[in-house]
Amino acid sequence: MKVTVVDLFEFTPINYTTGKKVAFDEDSKNLVLMEDQLSKLEKLNEEFKFLEIGRKTIKPKNFVGVIQIGDLTLQIFPKLLRTRSYESLEFHKTLIMGNLLKMLAVGGEIPVKSSEVAGVLSERAPFLEILISIYSRKLLETLRYHRYYTYRSVEEELNHVKGQINFASYTSRWHRRHVIPVRHNDRTIDNPLNRTLKYGAYLMTRLTQSSENYRRLKSAMELLEGVPTVPVSIHEAYQIKFNRLNVVFKPLVEIARMSISGTTVRLQTGRIETFTFLVPMEKVFEKFIAELLINSSYGILPENLKGSTVRSQHHIGDLLVEGKFHLIPDITIQTPSGERIIVDTKYKLLNSEDRKLGVSQSNVYQMYAYASYWNADAVILLYPTLSERVDMRWHFEFSGKDGSKKSVPLFIRSVNLGHDFKKNWQGFLGELRKALSIDLSTT
């Protein structure tokens, strides 16, 4: 089955009509959907709310990822470059996909190393094929050196002793003394972890259009001979516990979970109806920035913040005594000398022409609540930008714990996501470091 792949970009509409066969006209950017596909797309949209579906146009919202419905694949990419047309975005698709995959990998949305992402980008494959390629490569490579076995308790009758004799059963039938009932532990490869890995691989063989991906997946499934290919529910996949003996498989199980949770299968025929992998872009941005700050190997913290304690999604308290509204900033930083800094990411383009830069009043209220409750010394609101750098400083004023007035700076900063991460990763890291540089001595 040949699959039609259509690229979509955040907040950029394309036209669509319905017809008897799916098609996408590259010149007019018009998508033809079958009625059944449109119905399934509308059903998915009711659940995820990732599109604005009008009478003639489809416009993605702030989600990125991939949706496959039969022989149609929709890839949704972030609008990481300031361009005037769909064609310009499509021209820079390789850069955008590379940056997106890097952000997903760093932030942990896909459990792979960024170096592994760089290796598959050269294939110029669709987004879904890249995800399958990552899984098939890692699974095959891991299984060549590691297999995970567990032990199960077995009761059987043998003509020799193995494990423990079941004396209660044995003494009750002396007329069959040559048959010995025993209990023993038997090593098996058939366990929930391996069933999850194999079922994830099976689903991907039904999704992939790449012969290389298919070959690697089938080879990995052969290495799991003895493990039945049976449906695994997402609940069962999340019941898997990890320890020192199987932790090497954890990233693979996480990718398999993505495959299982995103796939709907027609039970009567085993045919895959839809596959969905969608992530809100504000979460991608938040987790990406948080991991860059928390992981000291990136060297993001400016010199005066070195040695600080950095936390993501840090619960600093509750807005009400009853505890119904939690105060959870995206990132908190506490320096060795005790200064407290709040960093909150907002996935929204600012407007330098606006007196308030487009910063919403609700966001400022939110930062005030965080700062006053935690007695912060500075707050940074970090936004993405596609071109010009934003650097603004405002101030809160509230009473400190000793009753005195305290002035707390609110920094509005931005970082450009349009860098080519593959060629200029260090340049991006340097810009982020500069965005977080604040002089606490003058606050």
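Here the structure is shown first, and the text comes after it.
Note that the structure is predicted; figures quoted are calculated from it, not measured.

1. Some words on the overall build of the protein chain
- Summing up its helical and strand segments, the protein chain has 13 helices and 21 strands in all.
- A total of 443 residues make up the protein chain; the buried ones form 50% of that total.
- Of the roughly 22600 Å² of accessible surface on the protein chain, a fraction of 49% belongs to carbon and sulfur atoms.

2. What to know about the pattern of salt bridges
- The full count for this structure, using the stated rule, is 12 salt bridges.
- Residue Asp7 pairs with Lys93 through a salt bridge whose shortest N-O separation is 2.9 Å. Taken as a pair, Asp7 in strand S1 (residues 4-9) and Lys93 in helix H3 (residues 93-107) lie far apart in primary sequence, 86 residues in all.
- Residue class for Asp7 comes out buried when judged on its relative accessible area of 5%.
- For Arg195, the salt bridge goes to Asp190, with nearest N and O atoms at 2.6 Å.
- You can call Arg195 partly exposed: its relative accessible area is 24%.
- Classification of Asp190 as partly exposed rests on a relative accessible area of 26%.
- When salt bridges that share partners are traced, they join Glu212, Arg215 and Arg216 into one network.

3. Quick notes on the side chain of Glu109
- Take Glu109: it is sitting in the loop between H3 and helix H4 (114-121).
- Here the side chain of Glu109 touches Lys287 through a polar contact of 3.2 Å, side chain to side chain.
- When near neighbours in sequence (up to four residues on either side) are disregarded, Glu109 contacts Leu104, Met258, Val279, Lys283 and Lys287.

4. Here's the deal with helix H7 (residues 192-207)
- Helix length check: H7, at 16 residues, gives a terminal C-alpha distance of 23 Å against a target of 22 Å (1.5 Å per residue), a fit within 8%.
- Of all the positions in H7, only Leu193, Asn194, Thr196, Leu197, Lys198, Tyr199, Gly200, Ala201, Leu203, Met204, Thr205 and Leu207 are classed as buried.

5. Side note on the environment of Val284
- Mapping Val284 onto the fold places it in helix H11 (residues 281-294).
- Accessibility expressed as a relative area gives 1% for Val284, which makes it buried.
- Sequence-wise, Val284 and Glu109 are 175 residues apart; in three dimensions their C-alpha atoms are separated by 7.4 Å.
- Sequence-distant contacts of Val284, that is, excluding residues within four places in its chain, are made with Val64, Met103, Leu104 and Val279.

6. Quick look at the nonpolar core
- Residues Leu31, Phe127, Tyr135, Phe277 and Phe288 are the most contacted members of the largest nonpolar core, which totals 110 residues.
- Here the element with the most residues in this core is helix H5 (residues 127-145); it accounts for 10 residues.
- Setting aside anything within four residues of it in sequence, one finds Tyr135 in contact with Leu197, Gly200, Ala201, Met204, Leu217, Leu252, Ile255 and Ala256.
- If you look at the next biggest cluster of nonpolar residues, it comprises 21 residues, including Val359, Met367, Phe396 and Val408.

7. Focus on helix H1 (residues 35-48)
- Under the 1.5 Å per step criterion, the end-to-end length of H1 is 20 Å for 14 residues, consistent within 8% with the ideal 20 Å.
- Along H1, the residues classified as buried are Gln37, Leu38, Leu41, Leu44 and Asn45. Angular distribution of buried residues about the axis of H1 spans 125 degrees; they occupy a single face of the element. Facing away from the buried side of H1 by more than 90 degrees, the exposed set consists of Glu35, Lys43, Glu46 and Glu47.
- Looking one or two residues beyond H1, the residue adopting positive phi is Lys49, at roughly 55 degrees.

8. Focus: the packing of aromatic side chains
- On inspection of all chains with the given rule, the structure shows 14 aromatic pairs.
- Ring geometry for Tyr368 and Phe398: centres 5.9 Å apart, planes at 85 degrees, overall edge-to-face. Placement of Tyr368 in helix H12 (residues 361-374) and of Phe398 in strand S20 (residues 391-399) is noted, with a sequence separation of 30 residues between them.
- Overall, Tyr368 belongs to the partly exposed group, its relative accessible area being 36%.
- Accessibility expressed as a relative area gives 5% for Phe398, which makes it buried.
- Every member of this aromatic cluster is reached through a ring pair, and the members are Phe288, Tyr298, Phe421, Trp425 and Phe428.

9. Brief notes about a nonpolar patch on the surface
- Judged by side-chain polarity, Leu319, Leu320 and Phe325 come together as a nonpolar surface patch covering roughly 300 Å² of accessible area.
- Along the chain, Leu320 falls in the loop between strand S15 (317-318) and strand S16 (326-327).
- Classification of Leu320 by relative accessible area gives partly exposed; the value is 36%.

Rules behind the numbers
Residues numbered from 1 in each chain as written. Predicted model: local features only at pLDDT ≥ 70, side-chain atom pairs only at ≥ 80, totals over all residues. Heavy atoms only, no water. Helix = DSSP H or I, 4+ residues; strand = E, 2+ residues; numbered from the N terminus. Buried < 20%, exposed > 50% of the residue type's maximum accessible area, 1.4 Å probe, protein only. Areas by Shrake-Rupley, 256 points an atom, 1.4 Å probe, with all protein chains shown as cover. Salt bridge = Lys/Arg side-chain N within 4 Å of Asp/Glu carboxyl O. Polar contact = N/O pair within 3.5 Å; in protein donor to acceptor, adjacent residues only side chain to side chain. Contact = heavy atoms within 4.5 Å. Expected span 1.5 Å × (residues − 1). Core = buried A, V, L, I, M, F, W, Y, C linked by side-chain atoms within 4.5 Å. Arc of directions from axis to C-beta. Phe/Tyr/Trp six-rings, centres within 6.5 Å; stacked < 30°, edge-to-face > 60°. Patch = residues over 30% accessible without salt bridge, like charges linked within 9 Å, V, L, I, M, F, W, Y side chains within 5 Å.

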